[in-house]
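Overview (structure and organization)
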Amino acid sequence: MSVRLALRAAIDQSIEIDGLTPDRVATLSEAEIAGLPVITGSRRAVLGDFFTVSGERSARLQIEGDLHRVDGLGAGTAGGELLIEGSAGRRVGAGMTGGWIDVRGDAGDEAGVGMHGGALRVTGDAGHRLGAALPGASKGMTGGEIVVNGSAGADAAARVRRGLIAVGGDVGADAARAIIAGTLVVFGRTGAGPGRGSKRGSIVALGPIDIPSTYEYACTYQPTYVRMLLTYLYRRYGIAAPDGSLDGPYARYCGDAGVPGKGEILAYTPGSR
Amino acid sequence: MEIRGVFIQDTFAEAFGMRAARLVITARTHKWAREAALKLTGFATSVIACKCEAGIERELAPAETPDARPGVSVLFFTMDMDSLGKRLTERIGQTVLTCPTASCFDGLPDAADRLSAGRALRVFGDKLQISKVVGGERYWRIPVMEGECLLQESFGVQKKGVGGGNFLILAESGDSGLAAAEAAVRAIEGMPGVILPFPGGVVRSGSKVGARSYTGMIASTNDAYCPTVRPRTKTELPDGVNAVLEVVLDGLDAPTINGAMRAGIDAACRPGVKAIGAGNYGGKLGPYHFHLRQVMAETAT
């Protein structure tokens, strides 16, 4: 038993549906769900104008269609399960505190911004500012886990305070910029200027990475932490690490030099053993 | 009741409620995981003088451990929560933290009661330690000369642990008693949720509460079962019994003890064994009573 929303027709203008969360629909009837507010441009509309709704009072919510112009899907989710069959717009899972959101497609910019807890998985690519801070906020993600099977844009994990972000492909420039704490794992290439202004965050780079000059080399070793982390990501999210990356070795760099310098970049360096 | 000619005495094992933790110790190889586990569970036979009881539960394949390395599962018992935390911190700190490549994880993730035994150890890192949260669990990365020691912060506690399940093997000779005890241990080893805290799983110095001749003793020799003083004491030994060995069991719950006692006693019923008995204190000290004939009801002939 789940609540299903299907997009009636393609939409040509972004719509915002803040507050459509599985924990909320768990208490609502079919008619109440169809009556939830939608913002489109300067007009107010209701969910039923764009979606056919079937099912009610279930914490399992399924949304289908080409949703790349639908913003704020699952924002503020506190529990339950949201399955998005198709690409999501901006701010999917923003500020979520619990539950599980699965995007079976791409996610727009600011996926998981200001997230506090729960899990957000994107099977395709994610846009810019993945798990970063909401406009004006001092902190990005403060808890929970984001896993992107594809690649992510610029500013991934910027200002993250706590939590785990794993990207199966590449990340763009300025990854983990001003990260306070928490972890960003990049399976592919890490873009220019990673970890600038990092206080005590971790970047685990399994692919190519240019270490900023403000990071200082410490040693090359086999961190059990990385092994445990990659094992966890595989077992929980099915995201497989490259052969040999469990054993390492990893080069550890401490930085960023301008701030306390408790941050780190752990760069997989196969062949340097 | 008899099993293959071995008399099962109409008595019961008296056991106590204990607080239990399960530790998953991993390392680069089984050898090093085992080295850490052997040290951690060393000198942990009885709470009377060791302050805890511990033993290796089983070996773990990489697919069963959090970091996909070979591991060893250890069960750890004390009488109360407070001492469980203290003993865990002491022992993890002196054995896992010190052991090359070893890590320590919680093996009771579903337990509602938790102890932060790993948290106290973080300060060894002298503020250079790193905290990481993965899957909602906090881990500590403590810098050591080899690299890093990874420890989980919180450990689950099983409040319904049972300590002191036991049975006595009353044998015709020392050799036949030892062979029967070894067979019993082999039958129990590897069963989930149970450990045998004594050397090789076997105790020769069963005790009674207090002493006949010394005041202030917590425990003294169980003279009723000591063959050499048979004429000098109120013996419990049947004719023809010349050696008694005890198998003591600690488990995560009473049904686990019950099942392990059944397997162990069944294996101990072999030629050269006269009877199987059990240790108790009249039933007033421990809340758990394992009546041998009830335990063995399914296997008796």
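Just so it is clear, the model here is predicted, and its values are computed rather than measured. (Residues numbered from 1 in each chain as written. Chains lettered and ligands numbered in written order. Predicted model: local features only at pLDDT ≥ 70, side-chain atom pairs only at ≥ 80, totals over all residues. Heavy atoms only, no water.)

Residue and element names in this part refer to chain B. With 5 of 6 residues buried, strand β10 (residues 147–152) lies mostly within the body of the structure. Judged from the 6 bridges that link them, strand β9 (residues 137–144) and β10 form a sheet pairing that is antiparallel. Residue R141 lies in a different strand from β10, and its bridge partner there is L150. Counted between consecutive antiparallel strands, the loop separating β9 from β10 contains 2 residues. (Buried < 20%, exposed > 50% of the residue type's maximum accessible area, 1.4 Å probe, protein only. Helix = DSSP H or I, 4+ residues; strand = E, 2+ residues; numbered from the N terminus. Pairing = 2+ DSSP bridges.)

On to the nonpolar core. One broad rule of soluble globular proteins: the nonpolar side chains tend to lie buried together. L5, F51 and L130 of chain A are the most contacted members of the largest nonpolar core, which totals 59 residues. It is strand β1 (residues 3–7) of chain A that provides the largest number of residues to this core, a total of 3 residues. Every residue in contact with L5 of chain A, bar those within four places of it in the chain, is listed here: L20, I33, L47, F51, T52, V53, L61, Q62, I63 and E64 of chain A. Within the second largest apolar cluster, 32 residues are counted, among which are F167, V194, L196 and I276 of chain B. (Core = buried A, V, L, I, M, F, W, Y, C linked by side-chain atoms within 4.5 Å. Contact = heavy atoms within 4.5 Å.)

Attention now moves to the packing of aromatic side chains. This model, assessed by the stated rule, comprises 6 aromatic pairs over all chains. The interplanar angle of 65° and the centroid separation of 6.2 Å between the aromatic rings of F105 of chain B and Y139 of chain B together place this pair among those described as edge-to-face. Pair noted here: F105 of chain B is in strand β6 (residues 103–106) and Y139 of chain B is in strand β9, with a separation of 34 residues, a long-range link. For F105 of chain B, a relative accessible area of 0% puts it in the buried group. A connected cluster of aromatic rings, assembled from ring pairs, spans W100, Y232 and Y237 of chain A. Across the ring face of W32 of chain B, the terminal group of K31 of chain B is positioned such that the distance to the ring centre comes to 4.8 Å. The ring of W140 of chain B carries R122 of chain B above its face, with NZ or CZ at 5.7 Å from the centroid. (Phe/Tyr/Trp six-rings, centres within 6.5 Å; stacked < 30°, edge-to-face > 60°. Lys NZ or Arg CZ within 6 Å of the ring centre and 35° of its normal.)

Buried accessible area, meaning the area lost when the parts come together, often serves as the stated size of an interface. At the junction of the two partners, chain B supplies 22 residues and chain A supplies 24 residues. When chain B packs against chain A, the two sides together hide about 1700 Å² of surface, and 53% of this comes from carbon and sulfur. Across the chain B-chain A interface, the total number found is 2 salt bridges. R28 of chain B is the salt-bridge partner of D247 of chain A, the closest N and O atoms lying 3.6 Å from each other. Between the two partners, chain B and chain A, sit 11 residue pairs in polar contact (both at pLDDT 80 or more). Only β6, β8 (130–134), β9 and β10 of chain B provide two or more residues apiece to the side of chain B that touches chain A. Of the residues assigned to the side of chain B that touches chain A, the class counts are 9 nonpolar, 5 polar and 8 charged. (Buried area = accessible area lost by both parts, 1.4 Å probe. Salt bridge = Lys/Arg side-chain N within 4 Å of Asp/Glu carboxyl O. Polar contact = N/O pair within 3.5 Å; in protein donor to acceptor, adjacent residues only side chain to side chain. Nonpolar A, V, L, I, M, F, W, Y, C, P; charged D, E, K, R; others polar.)

Residues and elements named next belong to chain A. For helix α4 (residues 224–237), built from 14 residues, the straight-helix expectation of 20 Å at 1.5 Å per residue is met to within 8% by its first-to-last C-alpha distance of 19 Å. α4 sits mainly inside the fold: 11 of its 14 residues count as buried. The first or second residue beyond α4 is G238, which carries a positive phi of 70°. (Expected span 1.5 Å × (residues − 1).)

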